[in-house]
Structures are given as structure tokens and as C-alpha cells.
Amino acid sequence: TQRSLVLVKPDGVRRGLTGEIVRRIEAKGYTLARLELREATPELLAEHYAEHEGKPFYGPLVEFMLSGPVVAMVVEGERCIEGFRSLAGATDPTVAAPGTIRGDLGRDWGLAVQQNLVHGSDAPESAEREIKIWFPELG
Ligand code: ATP
């Protein structure tokens, strides 16, 4: 069975949407193997977002991710990587389909970074890489 690293980003925690987001993950039938309220660090985010270094939104993204606590989770279940990304919806919350986390709960706030409530690993290799970064004891 598959694992995915899911984050409730600082906007989701700040807005009190953690419970609603966890509810949707559990209602879909996935299991929580770990769940922790965490403060990210610049070092951790540099690893997590290594592929985006140099992009115009990288600075604002890291700053946003440091703006408050996040909830980090390891989600488990058959095809949960694809399944959670489907629950999350498109990256841009303005156009994310209604019924998805971003489509139902997110919007554009006119900022340099898309505050889109959640992160979910995009492939098995990135899931294992990200789980090692956030939960070294599970690596
Ligand atoms: P998705 O889950 O849709 O792939 P993601 O989180 O994997 O989203 P990435 O392309 O990996 O998206 O980008 C990481 C994060 O950077 C996004 O979730 C979003 O917060 C921010 N971001 C991405 N593209 C932009 C952009 N063009 N402008 C502003 N912020 C962006």
C-alpha cells in the first residue's frame, strides 16, 4: 500500500480548516499513519521545495510556508497519492473544481504565492523523499 506526505499549509491552519481537511481524507477511506503540528524551517523547506529553487514564486512560497505552523501527515492507502491530489484539486484555487479541497475552501488573495491550503506528494518517489524530510524516523 502507498504512502503520501500531505501538508495543511499555514493558510489552512490559520483559517481553522485542519479538521475539515482531515475529515475529507478520512472520509475518502485513507488512514493517518502520522499527524503533527509543526513549524517548518528554512532548511527543511529548501529540501522540500528543491525543485522550485530559482522560480519567481520560490521566495514568497518559502516565506508563506514559514508564516505559521503547518500540519504534516503521512497518509496511507491504495493509490493514495493520486487519490489525495484528486481530493485537493488544481493548484490554482480559483479554478480548482468545486468538490475539491482547494475548489471548495480556497480562493485567490491577490498575493505573490498561491495560498492553496494543502500539499500532497505527486509520485511515489517524491512521497518517500518528502516523508524522509518531514519524518526522518519513518525513512
Ligand atoms: P499541485 O499539488 O497542484 O501540484 P503543488 O503544490 O505540487 O500543487 P507546485 O507546482 O509543486 O504545486 O508548486 C508548489 C507551490 O508553489 C504551490 O502549491 C503553490 O503554493 C505555489 N505556486 C506554484 N505555482 C505558482 C505560481 N505560478 N504562482 C504562485 N505560486 C505558485
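Being a predicted model, the structure only gives us computed values, none of them experimental.

1. Focus: the overall build of the protein
Working step 1: Looking only at helices and strands, the protein has seven helices and four strands in total.
Working step 2: Helices (α) and strands (β) of the protein occur, in sequence order from the N terminus, as β-α-α-β-α-α-β-α-α-β-α.
Working step 3: Against the globule reference of 14 Å for 139 residues, the protein gives a C-alpha radius of gyration of 14 Å, in line with a compact fold.
Working step 4: By its C-alpha atoms, the protein is 35 × 35 × 25 Å across when sized along the principal axes.
Working step 5: When each of the 139 residues of the protein is scored for burial, the buried share is 36%.
Working step 6: Partitioning the contacts of the protein with sequence separation of at least 6, the portion at a separation of at least 24 is 70%.

2. Brief notes about the pairing of strand E1 (residues 2–8)
Working step 1: Burial analysis of E1 places six of its seven residues in the buried class, the great majority of the element.
Working step 2: The sheet contact formed by E1 and strand E3 (residues 70–77) spans seven bridges and is antiparallel. Bridge assignment links leucine 5 to a residue of E3, and that residue is valine 74.
Working step 3: Sheet analysis places E1 next to strand E4 (residues 118–120), joined by three bridges and oriented antiparallel. Directly across from valine 6, in E4, lies its bridge partner glycine 120.

3. Describing the UniProt feature "binding site: ATP" (unreviewed entry) in the protein
Working step 1: Within this structure's numbering, the places UniProt gives as "binding site: ATP" (unreviewed entry) are Lys9, Phe57, Arg85, Thr91, Arg102 and Asn116.
Working step 2: Relative to the helices and strands, arginine 85 is located in helix H5 (residues 80–88).
Working step 3: Exposure remark for arginine 85: the 19 C-beta atoms within 10 Å place this residue in the partly exposed category.
Working step 4: The contact partners of arginine 85, leaving out residues within four places of it in the chain, are Gly120 and Asp122.
Working step 5: Tracing the sequence through the fold places threonine 91 in the loop between H5 and helix H6 (101–105).
Working step 6: Apart from residues lying up to four places away in sequence, threonine 91 is in contact with Gln114 and Asn116.

4. Some words on the UniProt feature "active site" (unreviewed entry) in the protein
Working step 1: Here the UniProt-annotated "active site" (unreviewed entry) positions come out as His119.
Working step 2: The residue histidine 119 is located in strand E4 in this model.
Working step 3: With residues up to four places along the chain from it excluded, the contact list for histidine 119 reads Val6, Leu7 and Lys9.

5. Focus: H5
Working step 1: Taken residue by residue, H5 has Cys80, Ile81, Phe84, Leu87 and Ala88 as its buried positions. The buried residues of H5 occupy one face: seen down the axis, they fall within an arc of 125 degrees.
Working step 2: Packing partners of the buried residues in H5 comprise E1, helix H2 (18–28), E3, H6, E4 and helix H7 (124–134).
Working step 3: One or two steps after H5, the chain reaches glycine 89, where phi turns positive at roughly 85 degrees.

What counts, and where the lines are drawn
- Residues numbered from 1 in each chain as written.
- Predicted model: local features only at pLDDT ≥ 70, side-chain atom pairs only at ≥ 80, totals over all residues.
- Helix = DSSP H or I, 4+ residues; strand = E, 2+ residues; numbered from the N terminus.
- Rg over C-alpha atoms; globule rule 2.2 N^0.38 Å.
- Buried ≥ 20, exposed ≤ 12 C-beta atoms within 10 Å, placed from the backbone.
- Contact = placed C-beta atoms within 7 Å.
- Pairing = 2+ DSSP bridges.
- UniProt positions renumbered as here; feature names shortened; annotations may be inferred.
- Arc of directions from axis to C-beta.

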